[in-house]
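Structural overview
Spelled out, the chains give:
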There are 2 protein chains.
Amino acid sequence: MAYTIKDVAKRAGVGIATVSRVLNESPNVLPETRARVLAVIDELGYRPNHAARQLVTAKTNAIAIILPFLTRPFFIEVLRGIEAVVANSEYQLIIFNVDSPEQRTRYFNTLPFLGRTDGLLIVSLPLAPPEIKRLQAANLPAVMIDTQASNLPSVVVDNVGGAFKAVEHLISQGHQRIGFVSGQLEPDLGFTVNRDRQRGYEAALTAHHLPIQAEYVRAGFDRRDWGHQAALELLDLAEPPSAIFAANDDLAFGIIDALRERGLKAGDDLAVVGYDDLEMAQLIGLTTIHQPMEQMGRKGAEVLLAALNEGTRRPTLHTLPVNLIERTSSTKPSKV
Amino acid sequence: MAYTIKDVAKRAGVGIATVSRVLNESPNVLPETRARVLAVIDELGYRPNHAARQLVTAKTNAIAIILPFLTRPFFIEVLRGIEAVVANSEYQLIIFNVDSPEQRTRYFNTLPFLGRTDGLLIVSLPLAPPEIKRLQAANLPAVMIDTQASNLPSVVVDNVGGAFKAVEHLISQGHQRIGFVSGQLEPDLGFTVNRDRQRGYEAALTAHHLPIQAEYVRAGFDRRDWGHQAALELLDLAEPPSAIFAANDDLAFGIIDALRERGLKAGDDLAVVGYDDLEMAQLIGLTTIHQPMEQMGRKGAEVLLAALNEGTRRPTLHTLPVNLIERTSSTKPSKV
DNA sequence: ATGAGCCATGGAAACGTTTTCAAGGCATCT
DNA sequence: AGATGCCTTGAAAACGTTTCCATGGCTCAT
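Residues numbered from 1 in each chain as written. Chains lettered and ligands numbered in written order. Predicted model: local features only at pLDDT ≥ 70, side-chain atom pairs only at ≥ 80, totals over all residues. Heavy atoms only, no water.

So, the overall build of chain A
This is how the line gets drawn: Put simply, DSSP H or I for four residues or longer makes a helix, DSSP E for two residues or longer makes a strand, and each gets a number counted from the N terminus. Between the two quantities, the radius of gyration covers C-alpha atoms and the globule rule is 2.2 Å times the number of residues to the power 0.38. Summary of the burial criterion: residues with accessible area below 20% of their type's maximum are buried, those above 50% are exposed, and those between are partly exposed, where the area comes from a 1.4 Å probe applied to protein chains only. Here, residues are in contact when the closest pair of their heavy atoms is within 4.5 Å. For accessible areas, the Shrake-Rupley method is used with a probe of radius 1.4 Å. Any residue's cover is judged against the shown protein chains and nothing else. In this tally, Lys and Arg are treated as positive and Asp and Glu as negative; His is ignored, and so are the chain termini. Note that the charge is assigned to NZ on lysines, CZ on arginines, CG on aspartates and CD on glutamates.
A tally of regular secondary structure across chain A gives 13 helices and 12 strands. The C-alpha atoms of chain A give a radius of gyration of 26 Å, which is well past the 20 Å a tight globule of 336 residues would have. Dimensions along the principal axes, computed over C-alpha positions, put chain A at roughly 90 × 40 × 30 Å. The buried share of chain A, reckoned over its 336 residues, is 54%. In chain A, the share of contacts with a sequence separation of at least 24, taken over all contacts with a separation of at least 6, comes to 70%. When the accessible surface of chain A is split by element, carbon and sulfur atoms take 51% of a total near 14800 Å². Here chain A holds 34 positive side-chain charges and 38 negative ones, and the gap between their average locations is 8 Å.

Section: the interface of chain A and chain B
Put simply, the rule reads: The buried area of a pairing is the accessible area, by a 1.4 Å probe, that goes missing from both parts when the two are put together, added over both. The term salt bridge refers to a pairing of a side-chain nitrogen on Lys or Arg with a carboxyl oxygen on Asp or Glu at a separation within 4 Å.
On the chain B side, the residues contacting the 39 residues of chain A number 39 residues. In total, chain A and chain B occlude about 3600 Å² of area from one another, counting both sides; carbon and sulfur atoms represent 53% of this. Of all residues in chain A, Gln92, Arg116 and Leu283 of chain A give up the largest surface area on contact with chain B, accounting jointly for 20% of the area buried on that side. There are 0 salt bridges connecting chain A and chain B.

Details of the protein's contact with DNA strand D
Cut-off, in case you're wondering: We call a residue near a given molecule or strand whenever any one of its heavy atoms falls within 4 Å of it. Polar contacts, as counted here, are pairs of nitrogen or oxygen atoms within 3.5 Å of one another; within protein the pair requires one atom able to donate a hydrogen and one able to accept it, and residues that are adjacent in sequence qualify only if both atoms are side-chain atoms. The nonpolar class holds Ala, Val, Leu, Ile, Met, Phe, Trp, Tyr, Cys and Pro. Asp, Glu, Lys and Arg form the charged class, and all remaining residues, Gly among them, are polar.
With respect to spatial proximity, 28 residues lie near DNA strand D, and among them Thr18, Arg21 and Thr33 of chain A together with Ile5 and Ser20 of chain B are the closest. Among atoms of DNA strand D positioned within 4 Å of the protein, sugar and phosphate together represent 65%. Within the side chain of Asn28 of chain A, an N or O atom sits 3.3 Å from a phosphate oxygen of DNA strand D. Measuring from a phosphate oxygen of DNA strand D, one finds a backbone N or O atom of Leu30 of chain A at 3.1 Å. When contributions to the surface near DNA strand D are tallied by element, the ones reaching two or more residues are helix 2 (16–23) and helix 4 (50–57) of chain A together with helix 2 (16–23) and helix 4 (50–57) of chain B. For the surface near DNA strand D, the residue count by class is 15 nonpolar, 10 polar and 3 charged.

Structural notes on the protein's contact with DNA strand C
With respect to spatial proximity, 28 residues lie near DNA strand C, and among them Ile5 and Ser20 of chain A together with Gly15, Thr18 and Thr33 of chain B are the closest. Each atom of DNA strand C within 4 Å of the protein was classed as base or backbone; sugar and phosphate made up 66%. Arg53 of chain A places a polar side-chain atom, nitrogen or oxygen, 2.9 Å from a phosphate oxygen of DNA strand C. Gly15 of chain B has a polar backbone atom sitting 2.7 Å from a phosphate oxygen of DNA strand C. Mapped onto the surface near DNA strand C, the elements with two or more residues apiece are helix 2 and helix 4 of chain A together with helix 2 and helix 4 of chain B. No other element matches the 5 residues that helix 4 of chain A contributes to the surface near DNA strand C.

Remarks on the side chain of Asp276 of chain B
Residues and elements named next belong to chain B. Secondary-structure assignment places Asp276 in strand 9 (residues 271–276). Of the side chains with opposite charge, Arg197 lies nearest to the buried Asp276, which makes no salt bridge, at 4.2 Å. The residues contacting Asp276, other than those within four sequence positions of it, are Arg197, Asn248, Asp249, Thr288, Ile289, His290, Gln291 and Met293.

Re the packing of helix 8 (residues 159–172) of chain B against helix 9 (residues 193–207) of chain B
Residues and elements named next belong to chain B. Convention followed: Axes, fitted as lines to C-alpha atoms, cover a helix only where it is in contact. Angles between the N-to-C directions of the axes lie from 0 to 180 degrees. Small angles under 35 degrees read as roughly parallel and large ones over 145 as roughly antiparallel, with 65 to 115 read as roughly perpendicular and the rest as oblique. By convention the crossing between two helices is left-handed if the near helix lies anticlockwise of the far one by an angle smaller than a right angle, and right-handed if it lies clockwise.
Where helix 8 contacts helix 9, the two axes come as close as 7 Å, and the packing angle between them is 40 degrees. By the criterion of interaxial angle, the relationship of helix 8 to helix 9 is oblique. Our pair here, helix 8 against helix 9, has a crossing hand that is right-handed. On helix 9, the residues that touch Asn159, Val160, Ala163, Phe164, Val167, Glu168 and Ile171 of helix 8 are Val193, Asp196, Arg197, Arg199, Gly200, Tyr201, Ala203, Ala204, Leu205 and Ala207. The class makeup of the residues in the contact of helix 8 with helix 9 is 11 nonpolar, 2 polar and 4 charged.

Some details on the relation of the copies chain A and chain B
Note the threshold: Overlaid copies result from least-squares superposition on C-alpha atoms, with residues included only where pLDDT is at least 70 in both.
The two copies are related by a screw motion: chain A maps onto chain B through a turn of 180 degrees and a shift of 0.0 Å along the axis, at an RMSD of 0.2 Å. Here the copies are linked by what is in effect a two-fold axis. Most of the interface of chain A is mirrored in chain B, where 100% of its interface residues are also at the interface.

Quick notes on the domain arrangement of chain A
By a widely used convention, the size of an interface equals the accessible area lost when the partners come together. Definition in use: How far each domain reaches was decided by an automatic or database domain assignment.
Domain assignment breaks chain A into domain 1 (5–48), domain 2 (62–156 + 293–321) and domain 3 (159–291 + 324–330). For domain 1 of chain A and domain 2 of chain A, the distance between their C-alpha centres works out to 37 Å.

So, the UniProt feature "domain: HTH lacI-type" (unreviewed entry) in chain A
To be explicit about the condition: UniProt positions are given in the numbering used here, feature names are shortened, and annotations may be inferred rather than shown by experiment.
According to UniProt, the feature "domain: HTH lacI-type" (unreviewed entry) maps to residues 3–57 of chain A in the numbering used here. From the first C-alpha to the last, residues 3–57 of chain A spans 21 Å; its make-up is 69% helix and 0% strand.

Here we look at unusual backbone geometry
With the exception of glycine, the majority of residues adopt a negative phi angle, and the majority of peptide bonds are in the trans configuration. Even without being glycine, His209 of chain A reaches a positive phi, approximately 60 degrees. Mapped onto the elements of the fold, His209 of chain A is located in the loop between helix 9 (193–207) and strand 7 (217–219). If you check the backbone angles, Asn139 of chain B has positive phi at about 60 degrees while not being a glycine. With respect to the helices and strands, Asn139 of chain B occurs in the loop between helix 7 (129–137) and strand 4 (142–145).

Some details on the sheet that holds strand 9 of chain B
Residue and element names in this part refer to chain B. Filter applied, for reference: In short, DSSP must find at least two bridges between two strands for them to pair.
Taken in spatial order, the 6 strands make up an open sheet running 7-6-8-9-10-12, and their pairing is mixed. At either end of the open sheet lies a strand with only one pairing partner, and these are strand 7 (217–219) and strand 12 (323–325). Ignoring strand direction, the axes of neighbouring strands in this sheet form an average angle of 20 degrees. Inspection of the sheet shows strand 9 paired to strand 10 (residues 287–290) by 4 bridges, in the parallel sense. What sits directly across from Tyr275, in strand 10, is Ile289.

A word on the pattern of salt bridges
Within this structure, the stated rule accounts for 25 salt bridges over all chains. The salt bridge partner of Arg80 of chain B is Glu77 of chain B, with a shortest N-O separation of 3.9 Å. With a gap of 3 residues between them, Arg80 of chain B and Glu77 of chain B both fall in helix 5 (residues 73–87), about one helical turn apart. What makes Arg80 of chain B partly exposed here is its relative accessible area of 24%. For Asp250 of chain B, the salt bridge goes to Arg224 of chain B, with nearest N and O atoms at 2.8 Å. Pair noted here: Asp250 of chain B is in helix 11 (residues 249–261) and Arg224 of chain B is in helix 10 (residues 224–235), with a separation of 26 residues, a long-range link. By relative accessible area, which is 21% here, Asp250 of chain B ends up partly exposed. Given a relative accessible area of 15%, Arg224 of chain B falls into the buried group. Taken together, the salt bridges that share partners define one network made up of Glu77, Arg80, Glu294 and Arg298 of chain A.

Okay, structure coming up:
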């Protein structure tokens with residue numbers, strides 16, 4: 001079929017080893033030899049066979065990214081950051097989406113990327129110790145993004161601190177009764193975001209000597225319609241909160257929707273703060289915690305590439321900062 | 001390092017050919033032999049080496065997807081559909097994002113996926129004839145999604161027809177002066193969406209004996225802020241349009257934003273129709289053309305997999321339907 | 001009983017590289 | 001002039017599979 005290194009060698013009147021040396025930019029090749037070989041390569045349109053190369057070098061030049069819920073904006077942004085970095089490297093990006101606990105288990109049991117990739121980026125999915133052990137046994141460098149493992153490099157944001165900031169902001173606006181709406185606290189796939197943000201919520205209340213009221217905490221699902229429903233439930237309480245902190249922007253959108261349904265307006269009638277700073281948050285004036293999603297992806301990819309190229313493999317923890325973006329959904333309420 | 005087929009053969013007391021036969025589910029193996037080999041495989045935790053296998057079979061078990069602007073919702077949805085199908089196959093998904101004309105050129109000139117993938121999914125990027133020729137010369141099956149090539153299987157939606165529907169809807173609501181806001185008509189990367197939708201816009205006007213007025217057509221950029229700016233420009237005309245058809249939802253969001261700035265409301269004061277039916281369109285009540293983005297991805301992936309498995313390679317054209325979703329942004333205007 | 005044919009199996013070639021090792025040429029130093 | 005050593009080069013081994021081909025045992029029909 002396609003030309004092989006042998007064809008090039010024959011045509012250039014050299015041995016295949018010399019062609020290989022030219023291909024791999026070995027310094028010990030006479031300039032004129034190199035030129036001749038390159039000319040033949042160009043003439044034939046020769047391209048080295050990846051599989052053969054991989055077989056002998058045991059290097060795939062690919063890395064895999066494993067992430068859940070390809071549909072959610074957060075993961076897309078992370079993916080973007082990763083892609084941007086990887087595209088500028090010699091590596092290719094193989095993507096594995098996990099949408100269910102079964103799929104997750106299957107992936108980490110069968111390790112389908114083993115032998116197909118040089119490294120692994122794991123987004124948001126916490127790993128059990130035996131799973132980590134298996135990765136390390138397979139000698140597969142891995143970097144965790146938005147989740148943490150003590151013996152793997154990890155890139156995270158401070159979810160507890162971010163939630164603390166959000167709630168503290170509401171308190172500084174004079175709010176005393178602050179609701180919390182989030183997805184499952186112990187979800188199937190083991191994310192800890194919601195739990196962490198709840199912790200930040202509680203810490204902020206406690207720090208300001210406010211009570212933690214169970215009826216103000218609504219943990220349900222990571223879906224907009226849950227935000228909607230939870231907001232209605234909170235509004236129907238005998239003493240409804242005057243502000244709501246949503247564990248992510250999507251929930252906040254649902255909440256704002258519910259308010260509108262009741263003829264209320266976020267900001268004027270009830271303060272709402274979200275988390276993520278999705279593009280849409282700006283559009284509708286949602287106060288929220290900005291987290292550098294794309295940058296998390298970038299950072300994670302950079303750490304992995306560094307590990308691959310330089311062999312560095314210390315399990316460093318990179319914590320990226322989050323900050324509050326004040327918009328109209330949390331302006332000072334008329335009545336406190 | 002890892003165990004090889006030789007280790008398994010030796011330990012099972014068979015030849016390597018027999019192990020290979022077991023691995024590949026060849027029928028001509030005695031059940032007891034098979035069982036013995038499988039036991040050893042399990043015992044050693046043996047896993048076949050991909051590179052070696054690829055080298056001899058010339059099959060990679062991977063497909064590549066090339067798409068622009070990983071950040072835009074449309075492409076994400078398509079990607080989702082593709083991923084869903086591919087995940088259930090034996091193939092892995094390698095992703096190439098192209099954000100600039102240079103990158104596009106580089107990809108299609110160097111064909112970095114050549115020899116690394118068995119097939120190609122190309123999203124939205126039109127291909128020049130020589131590029132197609134090169135793909136076919138390399139014997140790389142490819143399927144186009146949201147773009148069309150006469151000699152490659154293609155999955156498209158009817159953009160002209162969709163735009164026609166949108167504008168016809170506005171006309172049926174009594175509108176006579178209808179603006180059109182879109183991104184570049186001849187963009188760098190060669191998309192034809194905007195051009196196609198403009199054609200639909202003009203066709204609808206003509207079909208209903210309405211004039212095509214140049215000042216009502218605002219082609220600029222595929223960005224929300226352009227929608228914003230274009231809307232303001234249209235409003236400032238001596239005789240502003242009473243309705244605007246936006247070539248995509250994102251532009252429509254910008255338009256609605258601009259209206260709000262002027263104290264106007266989409267639907268009440270000026271009708272707005274978008275295109276895409278993004279999730280957010282529902283949230284803000286935008287009338288829009290729904291296109292089955294995820295399904296396009298699914299269909300494209302299915303066509304490619306069929307081509308790979310069955311060797312079918314006819315350049316069939318699959319056109320998916322679009323339909324109008326009526327919401328509040330296009331309710332009957334007070335004054336016509 | 002004998003030949004034909006089938007089935008399970010193993011040996012070995014082939015896939016296309018990289019890399020090791022040996023060798024030859026040439027310049028430099030003594 | 002001869003020895004030393006570096007630089008360039010090529011032959012061949014190795015990587016771990018699949019697959020072709022040959023072989024031997026067995027069944028079945030004659």
